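# Observations on the three-dimensional arrangement
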Amino acid sequence: MMLKLVTSIAPLRDRVAEARRAGLQVGLVPTMGALHAGHVRLIEQARLECGCVVVSIFVNPLQFDRKDDLARYPRPLQADVAVCAAAGVDIVFAPTVEGMYPGEAECTVDVGRVADHLCGRYRPGHFRGMATVVLKLLQIVQPDRAYFGEKDAQQLAVIRHMARDFNVPVRIEGVATVRDADGLALSSRNQRLAPEERVLARSLHSLLREAERLVAEGERDPKQVTAIASGILPDDDRLRLEYLDVVDPEHIQPVERIEGPVLVAGALWVGSTRLIDNLLCHPSGAPQVAALPGT
Ligand code: AMP
């Protein structure tokens, strides 16, 4: 199939129906654009498993808790379409805000306690907005599988719970985080970093690696883990650690003691840019179970 760019729902549904008639499995990769190698990894995974790959590109106003962040979010649609074409995407769905939200919406997804901690604590309404747009995309495309990055582990957990709780007939697939050579997780927001900030930004990954080492070497107290790990943050006015927390990977709740695999997640402000990252950490001797079960 040649790549098709569609910007409204009816033609998108026609294209997907065509693929289904041809007997193809449909995979959806939801994104906000400004595509990088992390997104491409999701697309590659979808290509391995599905005959028709749909990438949605939509900067969802409902999930932005800060107007300046929404205004500054990059929207390089042409370049994104070129990335999708090179990666073998079949359909790019790039709807307008009016197309996705015609008139005042009455209903949103109430995400429950999985959104109480980590980013949910600091970004009011973010996960409600994100889950609402993902549910809309799942209803519009009706894919067999949908692909999300483990970099946004709380987002992935929210979506797994939503799909399960609302009986959405889709397999939610998590894909490992793609990083730069120094460990910084790729993110569309990285391009906002000034060169010196880019150097400082690596410290988020360093904190997480320190936490991983502590857990692997037997530290069982999450407070000790976060206190020691956050202690290695360079002393620089441009850095502000918003949170560094240890939670259970499925329900994103704080743990009292580290007995099995835990998610260590952090948010770091580097100047005016907010970065997030996480690592799944395994205590020594704990069973290496799949901590993020599929839907
Ligand atoms: P975004 O465009 O930032 O909303 O991200 C779209 C999807 O790509 C989400 O499922 C993200 O978790 C995923 N993603 C973003 N950055 C990365 C990365 N560095 N590695 C893997 N997946 C990523």
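Just so it is clear, the structure is predicted and the values come from calculations on it, not from any experiment.

## Considerations on the overall build of the chain
Looking only at helices and strands, the chain has 10 helices and nine strands in total. On C-alpha atoms alone, the chain measures out to a radius of gyration of 19 Å, which is about the 19 Å that the 2.2 N^0.38 rule sets for 295 residues. Overall size of the chain, expressed as C-alpha extent along the three principal axes, is 55 × 40 × 40 Å. In the chain, 73% of the contacts between residues at least 6 apart in sequence involve partners at least 24 apart. Here the chain has roughly 13700 Å² of accessible surface; of this, 50% comes from carbon and sulfur atoms. Of the charged side chains in the chain, 34 are positive and 38 negative; the average position of the first set lies 4 Å away from that of the second.

## Digging into the site of the ligand
By nearness alone, 17 residues border the ligand, and His39, Gly149, Asp152, Val178 and Leu186 come closest of all. Between the ligand and the protein, one listed contact pairs an oxygen atom with a backbone N or O atom of Met32 at 2.9 Å. Between the ligand and the protein, one listed contact pairs an oxygen atom with a side-chain N or O atom of His39 at 2.9 Å. Relative to its free-state accessible area of 490 Å², the ligand is covered by the protein chains to the extent of 93%. Of all elements in the fold, only β2 (26–31), α2 (37–49) and β5 (145–149) reach the threshold of two or more residues within the shell around the ligand.

## Here's the deal with the packing of aromatic side chains
Overall, the coordinates contain three aromatic pairs when judged by the stated rule. Where Phe58 meets Tyr101, the ring centres are 6.1 Å apart and the plane angle is 45°; that geometry is what we call tilted. Here Tyr101 lies in the loop between α5 (97–100) and α6 (119–122) and Phe58 lies in the loop between β3 (52–57) and α3 (67–72), a separation of 43 residues in the sequence.

## Some thoughts on the sheet that holds β3
Spatial ordering of the open sheet is given by β1-β4-β3-β2-β5-β6, a layout of six strands whose pairing is parallel. Edge positions in the sheet fall to β1 (4–6) and β6 (171–175), since each of these pairs with one other strand and no more. Direction aside, the axes of adjacent strands within the sheet are offset by 25° on average. As defined by bridge partners, β2 adjoins β5 across two bridges and the pair is classed as parallel. Each bridged residue has a counterpart across the sheet, and for Gly27 the counterpart in β5 is Arg145. Across the sheet, helix α1 (residues 9–21) lies against β1, β2, β3 and β4 (91–93), angled at about 155° from β4, the strand it touches most. Along the sheet, helix α8 (residues 153–165) contacts β5 and β6; its crossing angle with β6, the most-contacted strand, is approximately 170°.

## With respect to the domain arrangement of the chain
Parsing the chain into structural domains produces domain 1 (4–175) and domain 2 (188–281). Once you take the C-alpha centre of each, domain 1 and domain 2 turn out to be 26 Å apart. Listed per partner, the contact involves 25 residues of domain 1 and 22 residues of domain 2. Both sides together, the interface formed by domain 1 and domain 2 hides about 2100 Å², and carbon and sulfur atoms give 50% of it. Sorting the residues of domain 1 by area buried against domain 2 places Arg72, Leu118 and Tyr122 first, and these three jointly supply 27% of that buried surface. At the surface where domain 1 touches domain 2, the tally comes to three salt bridges. Here Arg164 ties to Glu250 by a salt bridge, and the two come within 3.3 Å at their closest N and O atoms. Put simply, domain 1 and domain 2 have 12 residue pairs in polar contact (both at pLDDT 80 or more) between them. For the side of domain 1 that touches domain 2, the element with the most residues is α8, which contributes five residues.

About the criteria used
Residue numbers restart at each chain and count upward from 1, following the sequence in its written direction. Side-chain atom pairs in this predicted model are given and counted only at pLDDT of 80 or more, local residue features only at pLDDT of at least 70, and totals for whole chains, interfaces and linings cover all residues. Hydrogens are left out, water is left out, and the side-chain values use all remaining heavy atoms of the structure. Helix and strand assignments come from DSSP, with helices taken as H or I runs of at least 4 residues and strands as E runs of at least 2, each series counted from the N terminus. Radius of gyration: C-alpha atoms only; globule rule: 2.2 Å multiplied by the number of residues to the exponent 0.38. By definition in these notes, contact holds between two residues if any of their heavy atoms fall within 4.5 Å. Computed by Shrake-Rupley with a 1.4 Å probe, the accessible areas treat only the displayed protein chains as cover when residues are assessed. The positive count covers Lys and Arg only, the negative count covers Asp and Glu only, and His and the chain ends enter neither. In this description, the location of a charge corresponds to atom NZ of lysine, CZ of arginine, CG of aspartate or CD of glutamate. Here, proximity means that at least one heavy atom of the residue falls within 4 Å of the molecule or strand. What qualifies as a polar contact is a pair of N or O atoms within 3.5 Å, subject to a donor-acceptor requirement within protein and to the restriction that residues adjacent in sequence count only when both atoms come from side chains. Centres within 6.5 Å make a pair out of two Phe, Tyr or Trp rings, where for Trp the six-membered ring is used; the pair is then stacked when the planes are under 30 degrees apart, edge-to-face when over 60, and tilted otherwise. Between any two strands, at least two bridges found by DSSP are needed for them to pair. Fitted lines through C-alpha atoms serve as axes, helices being fitted only where they are in contact, and the angles separating the N-to-C directions of these axes extend from 0 to 180 degrees. Residue ranges assigned to each domain were obtained from an automatic or database domain assignment. Note: buried area is the sum, over both parts, of the accessible area (probe 1.4 Å) each one loses when the two are combined. Any carboxyl oxygen of Asp or Glu that lies within 4 Å of a side-chain nitrogen of Lys or Arg is treated as forming a salt bridge with it.

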